[in-house]
Amino acid sequence: MILVTGGAGFIGANFVLDWLATSDEPVINLDALTYAGNRETLAPLEGDARHLFVHGDICDRALVERLFAEHKPRAVVHFAAESHVDRSIDGPGAFVRTNVDGTFTLLEAARAHWSALPAGERELFRFLHVSTDEVYGSLGPNDPAFTETKTYEPNSPYSASKAASDHLVRAWHHTYGLPVLTTNCSNNYGHYQFPEKLIPLMIVNALAGKPLPIYGDGQNVRDWLYVGDHCSAIREVLARGRLGETYNVGGWNEMANLEIVHTLCALLDELRPSAAGSYARLVTYVKDRPGHDRRYAIDARKIERELGWRPAETFQSGIRKTVQWYLDNPGWIANVQSGAYRDWVARNYAGREVQP
Ligand code: NAD
Ligand code: TYD
């Protein structure tokens, strides 16, 4: 079996659902169920003996050691993290705790488990660390896309904490020989994404007739990848990646935020027209995020060359499916918009006076 951390979050849950749809290998799913973790996303696995959900913290060394001892996973796929840049600006402590201390705790428990394995099993063991392109910093308009050898220049508390975790993973390989793999992926979108991130936030706000808050001039560029493609890339790297290597994962799809939001408005105008007129009327410029990275772009040639992976979805096909999913699942949206969610939205957007 494999041990997945953070498998009740957006990408982790998509990964677990895809894994069990294509394989009978069981999954232990360790998740602390923070605001971003949601058992409802895993409802299709209710009663499925291949899925063991453990409500717990990756910083809990005794718990993590017990899971290794009891279940002897052959691999760890590590998603658990605090993942939202705006929240990291508001409160960086949780990011250092989970992303740095939590990864350290997992690495130490994995190392103890792996060191004690018989030779044949030791060789097969894998620790796959899921990371982000944000560790590389911000690009100018004409800079080449991030390759795996790009220097690390993290700019936000989130990306700094992820960079620190990447360095720990690298060091545990170099020093102790732990068989690690790291993926650095661009921005994901798709079903089950918590509506604090750009794409689901804009869909949810538009449907509620609320402003669509564009930070700064709306020209910050991200490279968007459909979540199912990220999950397939992780499966490939886990199966065939070279030990100690990092693989950049991206969608070859750079878009400015404003273009994303106008695409969403056009899709909603088609699929759920509003009597009040186009959703684009709700676009509102607000005060920028401090330290806002201007551009991310991934050069994903290494994973294509070595493992034959390329994204299966185009942005047009992936974003249409995503918008349709949010339209079809108002119950899921309502359930994640708890009091805590409303408090966050109030805090994050209150200080951002509307810009002309
Ligand atoms: P998410 O915030 O939706 O989910 C994170 C999950 O981790 C939640 O279920 C949460 O309950 C769990 N968690 C948080 N702290 C924990 C702890 N201390 N112990 C156990 N579980 C804990 O995040 P996501 O968007 O699914 O991202 C998953 C991973 O992928 C992260 O490591 C992130 O850095 C990385 N990543 C995300 C993106 C993206 O666009 N979302 C892109 C590249 C890489
Ligand atoms: P986000 O989804 O938070 O991902 P990240 O910051 O990790 O790339 O934001 C994506 C882009 O959208 C980023 O440039 C910030 C911008 N953005 C807005 O303009 N308005 C918003 O309300 C949010 C949440 C993000």
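Conventions and cut-offs
Residues numbered from 1 in each chain as written. Chains lettered and ligands numbered in written order. Predicted model: local features only at pLDDT ≥ 70, side-chain atom pairs only at ≥ 80, totals over all residues. Heavy atoms only, no water. Axes fitted to C-alpha atoms, helices over the stretch in contact; angles between N-to-C directions. Helix = DSSP H or I, 4+ residues; strand = E, 2+ residues; numbered from the N terminus. Parallel < 35°, antiparallel > 145°, perpendicular 65-115°, else oblique. Left-handed = near helix turned anticlockwise from the far one by under 90°. Contact = heavy atoms within 4.5 Å. Nonpolar A, V, L, I, M, F, W, Y, C, P; charged D, E, K, R; others polar. Near = heavy atom within 4 Å. Polar contact = N/O pair within 3.5 Å; in protein donor to acceptor, adjacent residues only side chain to side chain. Areas by Shrake-Rupley, 256 points an atom, 1.4 Å probe, with all protein chains shown as cover. UniProt positions renumbered as here; feature names shortened; annotations may be inferred. Pairing = 2+ DSSP bridges. Buried < 20%, exposed > 50% of the residue type's maximum accessible area, 1.4 Å probe, protein only. Salt bridge = Lys/Arg side-chain N within 4 Å of Asp/Glu carboxyl O.

Running from N to C, helix H9 (residues 257–271) and helix H11 (residues 315–328) point in directions that differ by 55°, and their axes come no closer than 10 Å. Overall, the two elements H9 and H11 adopt an arrangement that is oblique. Crossing geometry of H9 relative to H11 is assigned as right-handed. Of H11, the residues touching H9 (which contributes Ile 260, Thr 263, Leu 264, Leu 267, Leu 268, Glu 270 and Leu 271) are Phe 315, Ile 319, Arg 320, Val 323, Gln 324 and Leu 327. In the contact of H9 with H11, the residues fall into 9 nonpolar, 2 polar and 2 charged.

Here the focus is the side chain of Arg 352. Mapped onto the elements, Arg 352 comes out in the segment after helix H13 (339–350). Here Arg 352 is in contact with Asp 86, Tyr 215, Val 286, Lys 287, Asp 288 and Arg 289, once residues within four sequence places are set aside.

The environment of ligand 1 is made up of 29 residues, and the closest members are Ile 11, Asp 31, Ser 83, Tyr 158 and Lys 162. The separation between a nitrogen atom of ligand 1 and a polar main-chain atom of Ala 32 is 3.1 Å. About the coverage of ligand 1: the protein hides 97% of its 830 Å² of free accessible area. For the shell around ligand 1, the elements supplying multiple residues, two or more each, are helix H1 (10–22), strand S5 (126–132), helix H6 (157–176) and strand S7 (187–189). The element contributing the most residues to the shell around ligand 1 is S5, with 3 residues. When the residues that make up the shell around ligand 1 are grouped by side-chain class, the tally is 13 nonpolar, 12 polar and 4 charged.

Within the UniProt annotation, "domain: NAD(P)-binding" (unreviewed entry) is assigned to residues 3–322. In the segment residues 3–322, helix accounts for 42% and strand for 17%; the C-alpha atoms at its two ends are 28 Å apart.

Here the focus is the site of ligand 2. As a structural note, the neighbourhood of ligand 2 is formed by 18 residues, with Glu 134, Arg 222, Arg 289, His 292 and Tyr 349 the closest of them. Between ligand 2 and the protein, one listed contact pairs an oxygen atom with a side-chain N or O atom of Asn 187 at 2.9 Å. The separation between a nitrogen atom of ligand 2 and a polar main-chain atom of Pro 213 is 2.7 Å. Elements that contribute at least two residues to the shell around ligand 2 include exactly helix H7 (198–207) and strand S8 (212–215). Here the residues of the shell around ligand 2 sort into 8 nonpolar, 5 polar and 5 charged.

Next up on the list: the sheet that holds strand S9 (residues 221–226). In spatial order, the strands read S7-S9-S11; together these 3 strands make up an open sheet with mixed pairing. Where the open sheet ends on each side, the last strands, each with one partner, are S7 and strand S11 (254–256). On average, each strand axis in the sheet is inclined to that of its neighbour by 50°, with strand direction left out of account. Its contacts with the sheet place H9 against S9 and S11, and it is angled at close to 85° to S11.

Moving on, we come to the environment of Tyr 296. By the element assignment, Tyr 296 lies in the loop between strand S12 (283–286) and helix H10 (301–307). Tyr 296 gets classed as buried once you look at its relative accessible area, which sits at 2%. Separated by 138 residues in the primary sequence, Tyr 296 and Tyr 158 place their C-alpha atoms 15 Å from one another. Among all residues touching Tyr 296, those that are not within four sequence positions of it are Asp 133, Glu 134, Gly 137, Leu 139, Phe 146, Asn 187, Val 221, Arg 222, Asp 223 and Glu 254. Among the polar contacts listed, one links the side chain of Tyr 296 to the side chain of Glu 134, at a separation of 3.2 Å.

A negative phi holds for most residues other than glycine; trans holds for most peptide bonds. Phi angles above zero are rare outside glycine, and Lys 72 is one such case at about 45°. Classification of Lys 72 as exposed rests on a relative accessible area of 54%. Even without being glycine, Tyr 192 reaches a positive phi, approximately 75°. Checked against the element boundaries, Tyr 192 lands in the loop between S7 and H7. Note on Tyr 192: relative accessible area 14%, which makes it buried.

This brings us to the pattern of salt bridges. Summed over the entire model, instances satisfying the criterion amount to 22 salt bridges. Linking Arg 61 and Glu 65 is a salt bridge whose minimum nitrogen-to-oxygen distance equals 2.8 Å. Pair noted here: Arg 61 and Glu 65 are both in helix H2 (residues 61–71), with a separation of 4 residues, about one helical turn. For Glu 65, a relative accessible area of 35% gives the class partly exposed. When the shortest N-O distance is used, the salt bridge between Arg 87 and Glu 196 registers 2.7 Å. Of this pair, Arg 87 sits in helix H3 (residues 85–90) while Glu 196 sits in the loop between S7 and H7, and the two are 109 residues apart along the sequence. Of the residues examined, Glu 196 reaches a relative accessible area of 4% and is grouped as buried.

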